[in-house]
Every structure is written in structure tokens, then in C-alpha cells.
Amino acid sequence: MRGLHQKIAGEGGQILLNRILRVEAGEWPKLVQFGLFGLLLQAGLGVGFAAGDAAFLAHVGSDKLPVIFVLTPPVMLIYTAAFSFLLVRFSMDRVVDVTLGLLALGGVAGWALLSAGLPPAMDHLFYYALKLYLAVWYIALYSLFWNFTDAYFDIQDAKRLFPLFSAFCALGMSLGAGVVSVFSETIPTRAFLLVWAGVAVATAPMAIVLRRRWRRIADSDADLDDDEGGVLKQLALVARTFRTSRYALMLAAMLFVTLLLTNLAEFQYATVLQKGRSEAELASLFGRLYAAASVFNLLVCLFVFNRLVTRIGVRNVALILPLTYFAAFGYFFLVGGTAAALAAFFAYHGVLTSIEYNNQNLLFNAAPSAVKRPFRTIVEGLCEPMASLLAGGFLLLFARHMDLRELSGVGVLLGAALIALATALRHFYPGAMADNMRRGWLNFADRSVAAPAFDPAASELLRQKTQEADSGVAAAARALLHARPPLAARPADPDAELSPATEAFAAKLEDPSPAARRAALQALVSVAGRGDIGLVPPLVAGLPAMDRESRAVALSLLGVIGDVDAIPQVLAAAAQLSPRELRATEAMLAGLGEPAIPRLAQALANSQASYRARSIAARALADLSYAQFLSQLDRLVSEELDATARRLATARMFEAQAEGSPALELLAHAYRGRIGEAVDFVLELLAIGGFLPDFDLLIVSLHSANPKVRGNAVEAIASGLPHATWRRLDPLINRRAGRAGAAGGAVDLIPLLEEALASGRGFEVAAAAQALAERTPPAGLAAALRPALARDLPASARESVAALLDLDGEAAVTLVDVVAELRARPEFAAASIDALTTLAERVRPEAGRRAIELAVKGRTLCLAGPDIDEAAARYPDLALTLLKATDTRAYA
């Protein structure tokens, strides 16, 4: 028992730690391994930086820092060219191996040269080379680690985990600097270069483990890693990006100005802190400062940054460093002294490292994905050193003629410019995320095709031709009349009655023969007019069962008739149509004009209607009266999120007790599907309301199997919405496994099943009725189920409930039984409940063309191939799961 309590306490502590650090279950191995890789890289850099900075300031002096700033760009140009060549030729993994080898060789070579007793002139040049060596690796190792790590995480995981990696890096820097601070009095400076070389050698096994253990994620649905090209091609791609992407231009400009301010800050604090201190004292001081900054960075990365970026967003966090630099240089300008130097040091090594660098990793994610790696490599490898060149040149020319206060004034002006750039970047960020989602997206939207226009004489001639005996001329005349814009053809006449000919054609719409119904529809094209409302009921009733061509004609006729009172019925029928027909329905309803607004608003607010119907109503209402749509937006979103949160809790309860009950399992699946539809509907409302980018693009990306593509969509949503709305959407979009016990326990499901039974939604009613039948004594079953039959249910659901009440007869096959059998087949397993229900309604005892057989409760039922094709045309999820069943390629 004591061991059990200890186990429970340990699990509780693990859950608490996961919540504090925002780590998901199962992520710790990956987190720790990548974190150790970053820790080792930065530990070596910390050793080298603390020792090397102290040696340079003691032997050369801070007044020569501008020379380093000027020399850094050409050195980085060589490094960037080599880095890009290796990256294109050998991949990132080989670049990591080469880098670690160079670090080891460089450390040994530096120690050997210092130990050799160089002449004073050569010794002086060596410290310049050492400082340049440190400057190159400071940028190079940072770029290397994040380019390598970024390939294994999407942006949503990056927002949670990258700050933790930065914490590991800060801890590594702190350990390295701490080693120098503790042993600087007893170990000569040159020996620390050997320590750095040893750390580099120890890092190599970890890099090998990472690439063998974890799989990289493609940046898009088309992986770009296999693209051929050299450095010149990469430069050309990046140059084009600067011309075509304002976001990329603003990001590079912001990084450039940030580096200008960073170099100026380093010059300022180094000038103040070096006065009156020996090499050992400087080594000790910088060791303590780097260690303190690293502790600060560790705390921020562990506990602050991920919450900060979640709370205010990536684009708002981008303002923090500009404001910090502005304040630090303002303090230097107004006060000066050691306190101002320490403020500048912590702005550089604290805020820049723990907040800005973390946020830059997320900002680079919005750069055009086709060139993201070369863009980052070139910006960090060239633009940043160019900032050093400009800062160094400025300091060489003007520093001796300006005091620290005047230089601080320059820093204040640059800080204000950086704030302006960050504000512009904030503006362009959502659009850049949308552009990334759009890349490689295939637009399946219907094209707008102009219909022919006829003058009155031509229209009359065409109507006469339609009355001729059945011939090719009559068919062509009907087709031309059908192609007209619906409302341009007939004047409004609400008092008109059906003519005898029209009544005769309307009667044929209910004919059992599909050919007779098609002929009647074609004939109605030439005779129906505005106000023929008697045609509406048969047109709407037959709409879902018509073939594709007939549905197009029927929608056109409904637009010509223009009966706004029939909008709810039209929407209910249209919900079973294909995506193209849904857009045609939307256009038809918007074409009815302002009289349609009240009915559309009513349909949009009807929570019992299908989401497809409400989506059509939302788009048509926004076309007709955007102000009316916006007046309902906040209330609709709030109500839908409240209902969906309750539905999620109910689904978890059903799932917890679904073992052995196919009906309850399918009911939970239906609830999950409805949750997904609700989230898509809310996102569509917000996109129509202008909060989010193009909805179709967003949904395609959000449902992508590629984690990076999906992560970009989630980031576009998070950055576009108010935080309160995003907090409510987040658990619904990122639906990970529920916490243990979240829905556990002996929950009484009867009230929940009765609620589902009263919902009026066809399959949910059928599944809830069957689950109730499994839990209710036969004597009480009729009383439990009969209320559902009093509601307006689809025929298949009504028959399923009625079959459960036939207690003395043979066990009937229910809708739920057929759906369960369909879902058990691989080609239908991933389809939505609505699609499976549509297929189940087409199951017949007799075999049809290209039929598949289903064994349900000992009976053999058949589903014809044409019926599958027709259902797939209406439900894209069914079409895609059928494609996936026949095409095993990854992108399928």
C-alpha cells in the first residue's frame, strides 16, 4: 500500500511538472535529448566567451572593439558561404558533424599557439583572431542549433518547447561561464580553450543519437530538402524574397537594427567595466555576470516565455526588446555609470537571449517556407555581421570624438527606429502566416463563369423552341435558358398562380422514374417564373435524391421563383449537397436580395440546424448585410464554444464506458465529429468577420497531416483572435488525449443519452436509442424511446428507432448496425458519420453495379458503386478516405 501511495504521488508530481512546464505526456525523452545537445554546445561557448572576452580586454582593450566589428562581416561571409555549400551538398546532419570537428580542432590549435610563446606582435594579433573566432561561433552555433532543431518541431510545439531548449542553452552558458569564474585564478586562460574542445568532442555522440532516434518534419507537403542548388541560387531566392515579401524585409531590417544596438551596447558596457580591473578580475567579473544572466535566462525560458508568448502572441512579444533597448540607452543617456553598464549588459545577455532570440525562432517560421532555411542562414550569417561592420565603422570614426552620453543618444534614436520596425513587423505577421499556408495549396473552389445574356426577342425565341417535339434543338434551347442568371430572367410577380402546364410539370417531379423527373425539370426551366411558390415543396423535397445535373437545374429554378419563406427548407435540403452545390446555393440565396435577410439571420441562429446549412446562411447573410452578420458574430461564437465544450465533456464520458457497446462508441464518435464541425463553423464565422485569413485555406491547412502545415494554421488562428476567444478555442483545436480520469468513474449515462435522443439529429438519435435499449429493461424501453418518434426525424433514423421497439419480431438491422459495419472497413474508416449515414441509407438487399457486400447481423446487404461515388461527391472526407485506401503515398 505504501508503494502504491508513493507511485500515485510520483505520478501526481509528474503531472504537476508537466503543467508547470507545459510539456505533454511522452515528450520528455525528446525534450531532454535536444536540450542536452543545446546545453553542451552553449557550455563550450560559455567557457570560450568568458575566457576569451577577458583575455581580449586585458591584452588589447575595449577601444579596439570597433576593429572586431569591422572585421566580423568578411569572416562571416566566408563562414556563410561554406555553411550554405555544406548544407546544400551534404545536409544539416553533416554540417553539425563538421562544426563539432572544427570546434575541437580550433580549441586545440588555440591552446597550442598560446602555449608556444608567440612574439609580442604575433601575440597581439592572436587576441584579435581569438575575438573574431568567438564572434563567428556566437552567431554560427546559435544558427546551427536552431536550424537543426527547427526541423523536428512544428510551430505549436515550438512555442511550448523552444523556451525550454533555450533554458538548457542558458544553463549550459551558465555552467561554462561558472567554470571560468571559479577556476580563473588557478587555471591559465589558454587552458579553457582545451576545455571547449573537450566539450565539442562530448557533444558529437548526442548529435548522432538525435538524428537516429527522431524523424524530421517537412516544412510543407512538398519537402524541399532534396532541392538542388548552390550558394548563388540561394542568394537569388533570398533576394527575390526581399522583393516579394514585406514581412521578410521587415524581419531582416529589425534584426539588422537590433544588432546595431547590440554592438553599441557591448561597446558601452565594456568601456565602463574594464576601467581599473586586471585580466583575472575581468575574467572573474564577466564569469559572474554571464552566470547571473544565464540564471535569469533560465528562469525566463522555463517559466515566463512560453506563457508570455501564449498570452500576448508572437508578434506582440517582438516589441519587448525594442522597448528594453530604448529604456537602457535612455538610462545611459540620463544617468550613466556602472549601473547603466549593467543595465546594457542584461539587455544584451538577458532580454535579447531569453526573449528576443526565442521569439526570433518563431518569427522566422513566418518567412516564406520555400526559402526559410537559406533565408535564415543568410540573414544571420550576413545581415547581422553587416550590422557589426556599420557599427564598427561608426565607432572607429566617431567614438573618439563622442563621449558615452552622446553615443547613448544615438542608441535612443536607434531604439525608437527599432520600435517602429517591430510595429510594422507585427502588422505583417498574420498575412505572412497566411501566405505560408497558401503555398502549395490546391484550390478546389468553383470558377466563376459568365452566363450568356439574351435580349427579349432572343429569350422568346428560345422559349418557343423548347415547346417543339423532343429534339436536339429543344434540349439546346433549354440548356441556354438554364444558363441565364436566375433573377435576371423573370420579373417579380408574387401574386402569380401556377399555370396548368406548370402544375403538370410539378406533378411529374414526384414521379418514381428518374428520367421523367429530369424531363419535368428541363421543361420547367422555360415556363417557371417568380412567384411560382407551388413548385418549391417538390423541388426541395426531391433535391437530395436528384442526380448532379438535376440538382443544378433545381437550384436555378429556386432562385428564379425567389420564395424567401422557403429558405429554411432549402438550407436543410442543401446541407446534403456537394461543396460546389453548397456555393451555388449560397449564391442563389444572396441573389434573393434584402428580403432574404430575416430568414437567413434566423437560420444562422438555429442551433438545431446542420452546420453546413448554417454556413451557407452565414455567407449569404454577410454578402447581403455585413452589419447584420457582425451584430450576431460575438453571440454566435460564444454560444457555439459553450455548447462545444459541453459536447466534448459528454463525448469523453461516452468513450469511457463505450467498451462492448458499438452504439455508444459510435455516438461518442458522432459527438467528436460534431465538435470538429463546430470548430470549423466557428473559424468560418471568424474568417467571414475578418479576424482570420481565407477560411478554405485555413481549413485545408488545419486538417493537414503535416505537423508544420497544421502548426502554421493554428498559429494564424492564435495570432488573429483576441486572447479570450483563443483560450476557449485552443483545447478544441489541439485536442490531445484527455487527462487520466477526466471522464472516469461510474457516470450515469441515462440523462446524457436522453439528451442525445431529444437532439433531433438523425444518427445521434438512432445511436442514443440503441445505447438506451442496451441499458433499459424491456418493460420501460417503449416509454424511453417513443418521444423520439414524435420529432421530425430523417426516415432512416425513425425506422431505426422503430425497429428497436419491435420487441417480438426478429432482430432488425438498424442504421447504427450498418454504420458500424461500414466503419469497420478500411476504405470507409476515416469518413465522417454524416458520410457513413448517407452510405448506410443507400444499402439494399439486392446487389447493384460494382457493389460491395456487408455482413450485418447474419444478413448480406449490398452497397452499389454508383451510390458510393454519389456520396463521395457530396462529402470530401469520404472522397479523401477512398483515395487514401487506394493510394498509399505519404501525401495522399
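Only a predicted model underlies this, so the values are computations on that prediction, with no experimental measurement involved.

A word on the environment of T258
Here T258 is to be found in helix α8 (residues 246-273). With 159 residues separating them along the chain, T258 and A417 place their C-alpha atoms 9.9 Å apart. The contact partners of T258, leaving out residues within four places of it in the chain, are L321, Y325, L352 and L418.

Thoughts on a nonpolar patch on the surface
A grouping of L16, I20, V295, L299, F303 and V304 is seen on the molecular surface, where their side chains present a nonpolar patch of about 490 Å² in accessible area. Sorting elements by how many residues they give to the nonpolar patch places helix α9 (residues 279-312) first, with 4 residues. Here L299 shows up in helix α9. By relative accessible area, which is 47% here, L299 ends up partly exposed.

Some words on the pattern of salt bridges
All told, the structure shown has 14 salt bridges when counted by the stated rule. Here D642 makes a salt bridge to R728, at a shortest N to O gap of 2.2 Å. With D642 in helix α25 (residues 626-656) and R728 in helix α29 (residues 723-733), this pair connects stretches of sequence that are 86 residues apart. With a closest N to O distance of 3.8 Å, R823 and E665 form a salt bridge. In this pair, R823 is assigned in helix α34 (residues 815-823) and E665 in helix α26 (residues 662-688), connecting sequence segments 158 residues apart. By relative accessible area, which is 24% here, R823 ends up partly exposed. Overall, E665 belongs to the partly exposed group, its relative accessible area being 42%.

Things to note about the packing of aromatic side chains
According to the stated counting rule, one finds 20 aromatic pairs in the structure shown. An angle of 55 degrees between the planes, with centres 5.4 Å apart, marks the rings of F148 and Y152 as tilted. Judged by its relative accessible area of 1%, F148 is buried. You can call Y152 buried: its relative accessible area is 1%.

Each value, and the rule that gives it
Residues numbered from 1 in each chain as written. Predicted model: local features only at pLDDT ≥ 70, side-chain atom pairs only at ≥ 80, totals over all residues. Heavy atoms only, no water. Helix = DSSP H or I, 4+ residues; strand = E, 2+ residues; numbered from the N terminus. Contact = heavy atoms within 4.5 Å. Patch = residues over 30% accessible without salt bridge, like charges linked within 9 Å, V, L, I, M, F, W, Y side chains within 5 Å. Areas by Shrake-Rupley, 256 points an atom, 1.4 Å probe, with all protein chains shown as cover. Salt bridge = Lys/Arg side-chain N within 4 Å of Asp/Glu carboxyl O. Buried < 20%, exposed > 50% of the residue type's maximum accessible area, 1.4 Å probe, protein only. Phe/Tyr/Trp six-rings, centres within 6.5 Å; stacked < 30°, edge-to-face > 60°.

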